[in-house]
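Close look at the chain arrangement
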Amino acid sequence: KPGGRNPNRSKEAELGDRGGGGGRRGENRSGAVERSGGHLRPMWAWGLAERAVAGLLGPAGANGGRWNTAVAVGVTAAAGIALVAIVISSRRGGIKSPWRRRRKPALGPKEWRSLFTPEGKFYDGGVKLLKRVRNGGVEPSIRAEVWPFLLGVYSLNSSEAEREAIKAHNRKGYLLLRKHCLRKNNKESVDDHITSEEENPCVISEQEMQDKTGKAIPENQADESLCSSSSRDEDESEKSDVTDVEASRDDVASVDQSSVEDEEESMPLPKYSNTGGNIETETKLSKDARPVKSARTVEDFETWQRIIRLDAVRANNEWVSYSPSQAAVTREKAIESASAVCLKDYEHLEAHRIHHASRLVAILEAYATYDPEIGYCQGMSDLLAPLLAVLEEDDEAFWCFAGFMRKARHNFRLDEVGIRRQLNMVSKIIKTKDFHLYRHLEMLEAADCFFVYRMVVVMFRRELTFEQTLSLWEAMWADQAARRAGITRSSWRKLQLGAPPTDDLLLYAIAASVLEKRKLIIESYSSMDEIIRDCNSMAGQLDIWKLLDDAHDLVVTVQDRIE
């Protein structure tokens, strides 16, 4: 009968009519789920699958129970396809990030030793080293061995014998710089007849300087000199020996002084250059960022000295737990190291802080001599302090710091060209990735991203904990080392690294930290001052590995569009 039940039809067929009888009913059901808060893409795929299967199988009544099975298979397949599409679209670039997956263990001593051939070369030119450092960092016990490679002091293709030769040469170069600083400290006490020798790039031996100093300094002026000896009752030979120890310090005590002095007669004073020294050639700088000829005067060194000493005495002691041997230094040794660099006003400090401040002074003075165009600016001590906690030899710490500064030195130029370039790049990253946030920053007159100025200058040093800082810097150094060594020029090696290295990983990390707070900035902040306060209170609130992951995603998605 019309509208009645057909006795010849099975119960399963009737259930098929009620459960899935037509594409429109399936669409309505999926639409209801969408309106109730379900996921749009899977529900849309569900309706599409029902329509497709209905078209293939015909009316439900004609096929009976086969309809239910077909719908189930079709919906499952469509849901799987939709899920894959969602996952792929969320990958934001499709290149695997080394930090997205669970962080791997840090590079340890056993694995570190396994990377070298019997001759002391890396088996693969350092590719595995850089990949491991980028993925998980370095264990504290081997950082002093690994960092010189990351910072370009040693080439990734060097042998052990070559590194020993470089180390010896660098030690002598650092000793020369320290002697030059000592002579500048004593310049007020030195007779006019050695002025021309002070300006000579080949520095006279320290014994000669002491002999001339002893003859030229009146006894009533000795106490006023910045580097007067600890006792005026010592004879001239004792005074020479003490000064020799102070200038060279413990890190070069093992060097044969007689042979060193002979070589120093013909060894020029080390000076910064784009491609000079033992640092690998850096990537080309923009025209505006290249060093200009220095117009500094002699008086600048005295100004740098005063600021260096103030910053050194104020340095915090959060590094103590990372360097037990330096934390256990005796007060006698600490005072000796302070006298070696003419440090004053340290009586209120503990022994380990006196020792740390003395090392800061020694290396920062040497760097001001090595790179007089930059000299010293406040903030450089923040970059050096973590290196001193890891590297116990002053000459090694100096050359690692010099390698670090090849990229960071542009943060401290008087014309601020380097800072402006980096702030402009952070702004471009934000504008390209999130134009809505960028427009809000424009409304607040903050589109120049000046609120991240401190992050750029001291490289997140004050926004991260000590260990987080080292992890970020190691990943950043590994990227820069890969670029210097030309590893990214090979497609195979690029795939081995797992992600495209960049010289500006720090800037992408800074942009990522701002983008993470986009909702707060847009909804709650009405001035740049509020954003600055928020950025300055960021310490301890950042997940360093998530930050690196987000930074890498930005490299993948926006790098080609802004460079």
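Position labels on residues start from 1 in each chain and follow its written sequence. Under the rules for a predicted model, residues below a pLDDT of 70 receive no local features and side-chain atom pairs below 80 are neither given nor counted, while totals for whole chains, interfaces and linings still include all residues. Side-chain metrics in this entry use all non-hydrogen atoms of the structure; hydrogen atoms and water are not considered.

**Quick word on the overall build of the protein chain**
- Within the protein chain, the secondary structure is distributed over 28 helices and zero strands.
- Here's how the labels work: a residue is buried when its accessible area is under 20% of the maximum for its type, exposed when over 50%, partly exposed in between, all with a 1.4 Å probe on protein chains only. For the protein chain, the residues scored as buried account for 51% of the 563 residues in total.
- A sequence separation of at least 24 residues applies to 76% of the contacts in the protein chain between residues at least 6 apart.
- As displayed, the protein chain has an accessible area near 27400 Å², and 52% of this comes from carbon and sulfur atoms. By definition, any uninterrupted DSSP run of H or I lasting at least four residues is a helix, any uninterrupted run of E lasting at least two residues is a strand, and each is numbered from the N terminus. Any two residues whose heavy atoms approach within 4.5 Å at even a single point are treated as in contact. Working definition of accessibility: Shrake-Rupley area with a 1.4 Å probe, residue cover restricted to the visible protein chains.

**Concerning the environment of glutamate 145**
- Locating glutamate 145 in the fold gives a position in helix α8 (residues 143-150).
- For the pair formed by glutamate 145 and proline 109, sequence separation is 36 residues and the distance between their alpha carbons is 9.9 Å.

**Quick word on empty space enclosed by the protein**
- For cavity detection a 1 Å grid was placed over the protein atoms alone, and a set of points counts as a cavity when a 1.4 Å probe fits there but cannot get out; an open set counts as a pocket when protein lies on both sides within 12 Å along at least five of seven lines, with lining residues being those that have an atom within 4 Å of a point. Grid points are joined across faces, edges and corners, and a volume is the space filled by probe spheres set on the points. Enumeration according to the criterion identifies two cavities of 30 Å³ or more in this entry.
- Of the pockets and cavities examined, the largest cavity occupies roughly 70 Å³.
- Around the largest cavity, the lining residues are Pro148, Val153, Tyr154, Lys167, Asn170, Arg171, Asp395, Glu396, Trp399 and Cys400.
- Where the lining of the largest cavity is concerned, the elements lending two or more residues are α9 (160-185) and α19 (394-408).

**Considering unusual backbone geometry**
- Unusually for a residue other than glycine, cysteine 342 sits at a positive phi of about 60°.
- Within the secondary structure, cysteine 342 sits in the loop between α16 (331-340) and α17 (351-370).
- In this structure, methionine 459 takes a positive phi of about 55° despite not being glycine.

**As for helix α28 (residues 544-562)**
- Where α28 bends most, the angle comes to about 40°, and this point is valine 556.
- Burial analysis of α28 places 16 of its 19 residues in the buried class, which makes it a mostly covered element.
- Here a polar contact is recorded for every N or O atom pair within 3.5 Å, except that within protein the pair must consist of a potential hydrogen donor and a potential acceptor, and residues adjacent in sequence are included only if both atoms are side-chain atoms. A distance of 3.1 Å separates the backbone nitrogen of tryptophan 545 from a side-chain oxygen at the start of α28, and that oxygen is part of aspartate 543. The bend at a residue is defined as the angle formed between two axes, one fitted to the seven residues ending at that residue and one fitted to the seven starting there.

**A short note on the pattern of salt bridges**
- For this analysis, a salt bridge means a side-chain nitrogen from Lys or Arg found within 4 Å of a carboxyl oxygen belonging to Asp or Glu. Under the definition given, this model contains 23 salt bridges.
- A salt bridge links lysine 167 to glutamate 396; the shortest N-O distance between them is 3.0 Å. Here the residue lysine 167 occupies a position in helix α9, and glutamate 396 occupies one in helix α19, the gap between them amounting to 229 residues.
- Residue classification places lysine 167 among the partly exposed positions, given a relative accessible area of 26%.
- Of the charged contacts in the structure, one is a salt bridge between lysine 517 and aspartate 534, with a shortest N-O distance of 3.4 Å. Here lysine 517 is found in the loop between α25 (505-515) and α26 (518-524), whereas its partner aspartate 534 is found in helix α27 (residues 528-536), with 17 residues between them in sequence. Across this residue pair, the class does not change: lysine 517 and aspartate 534 are buried.
- Because the salt bridges share partners, they merge into one network encompassing Asp371, Glu373, Arg409, Arg413 and Asp415.

**Details of the packing of α8 against helix α18 (residues 380-390)**
- Their axes nearest at 9 Å, the elements α8 and α18 cross at an angle of 135°. Between α8 and α18, the crossing angle belongs to the class labelled oblique. Contact residues: Arg143, Ala144 and Trp147 in α8; Pro386, Leu387 and Val390 in α18.
- Its residues placed into classes, the contact of α8 with α18 shows five nonpolar, no polar and one charged. To obtain an axis, a line is fitted to C-alpha atoms, over the contacting stretch when the element is a helix, and the angle between two such axes runs from 0 to 180 degrees between their N-to-C directions. Angular relationships are summarised with four words: roughly parallel below 35 degrees, roughly antiparallel beyond 145, roughly perpendicular across 65 to 115, and oblique for the angles in between. Nonpolar residues are Ala, Val, Leu, Ile, Met, Phe, Trp, Tyr, Cys and Pro. Charged residues are Asp, Glu, Lys and Arg, and all others, Gly as well, are polar.

**Considerations on helix α20 (residues 417-433)**
- By this rule the span expected of a helix is its residue count minus one, scaled by 1.5 Å. The terminal C-alpha atoms of α20, which comprises 17 residues, lie 25 Å apart, in line with the 24 Å expected from a rise of 1.5 Å per residue.
- Listing the buried residues of α20 in full gives Val417, Gly418, Ile419, Gln422, Leu423, Met425, Val426, Ser427, Ile429 and Ile430.
- On its buried face, α20 sits against α21 (435-443), α22 (453-458), α25 and α28.

**A few points about the packing of aromatic side chains**
- Side-chain rings of Phe, Tyr and Trp (the six-membered ring for Trp) are treated as a pair once their centres are within 6.5 Å; stacked means planes under 30 degrees apart, edge-to-face means over 60, and tilted covers the remaining angles. Tallying each qualifying case throughout the model produces 20 aromatic pairs.
- With a centroid separation of 5.1 Å and an interplanar angle of 70°, the aromatic rings of phenylalanine 122 and phenylalanine 149 are classed as edge-to-face. Of the two residues, phenylalanine 122 sits in the loop between α6 (109-114) and α7 (127-136) while phenylalanine 149 sits in helix α8, which places them 27 residues apart along the sequence.
- Measuring from centroid to centroid gives 5.8 Å for tyrosine 367 and tyrosine 370, while their planes differ by 55°, and the two rings are tilted. Here tyrosine 367 pairs with tyrosine 370, and both are found in helix α17, just three residues apart, close to one helical turn.
- Aromatic rings pair up to connect Tyr174, Tyr272, Tyr367, Tyr370, Phe398, Trp399 and Phe401 into one cluster.
- Its guanidinium or amino end placed over the ring of phenylalanine 301, lysine 184 lies 4.4 Å from that ring's centre, counting from NZ or CZ.
- By definition, being over a ring means that NZ of Lys or CZ of Arg is both within 6 Å of the ring centre and within 35 degrees of the ring normal. Above the plane of the ring of tyrosine 272 lies arginine 409, whose end atom (NZ or CZ) is 4.1 Å from the centre.

**Re the side chain of glutamine 326**
- Within the secondary structure, glutamine 326 sits in helix α15 (residues 324-327).
- Here the side chain of glutamine 326 touches serine 323 through a polar contact of 2.9 Å, side chain to side chain.
- When neighbours within four sequence positions are excluded, glutamine 326 is seen to be in contact with Trp319, His352, His355, Arg359, Leu388, Ala389, Leu391 and Glu392.

**Considering the environment of leucine 383**
- With respect to the element layout, leucine 383 can be found in helix α18.
- Classification of leucine 383 by relative accessible area gives buried; the value is 0%.
- Sequence separation between leucine 383 and arginine 461 is 78 residues; the distance between their C-alpha atoms is 7.4 Å.
- In this structure leucine 383 touches Phe401, Phe404, Met405, Ala408, Phe412, Val457, Val458, Met459 and Trp473, once residues within four positions along its chain are discounted.

**Some thoughts on the packing of α7 against helix α23 (residues 466-484)**
- Taken N-terminus to C-terminus, the directions of α7 and α23 make an angle of 150°; their axes are 8 Å apart at the nearest point. Between α7 and α23, the angle is such that the two are roughly antiparallel. The interaxial crossing formed by α7 with α23 has left-handed handedness. Here α7 contributes Leu130, Val133 and Arg134 to the contact with α23, which in turn contributes Glu474, Ala475, Ala478, Asp479, Ala481 and Ala482.
- For the contact of α7 with α23, the residue count by class is six nonpolar, no polar and three charged. When the near helix sits turned anticlockwise from the far one by under a right angle, the crossing is termed left-handed; a clockwise turn instead gives a right-handed crossing.

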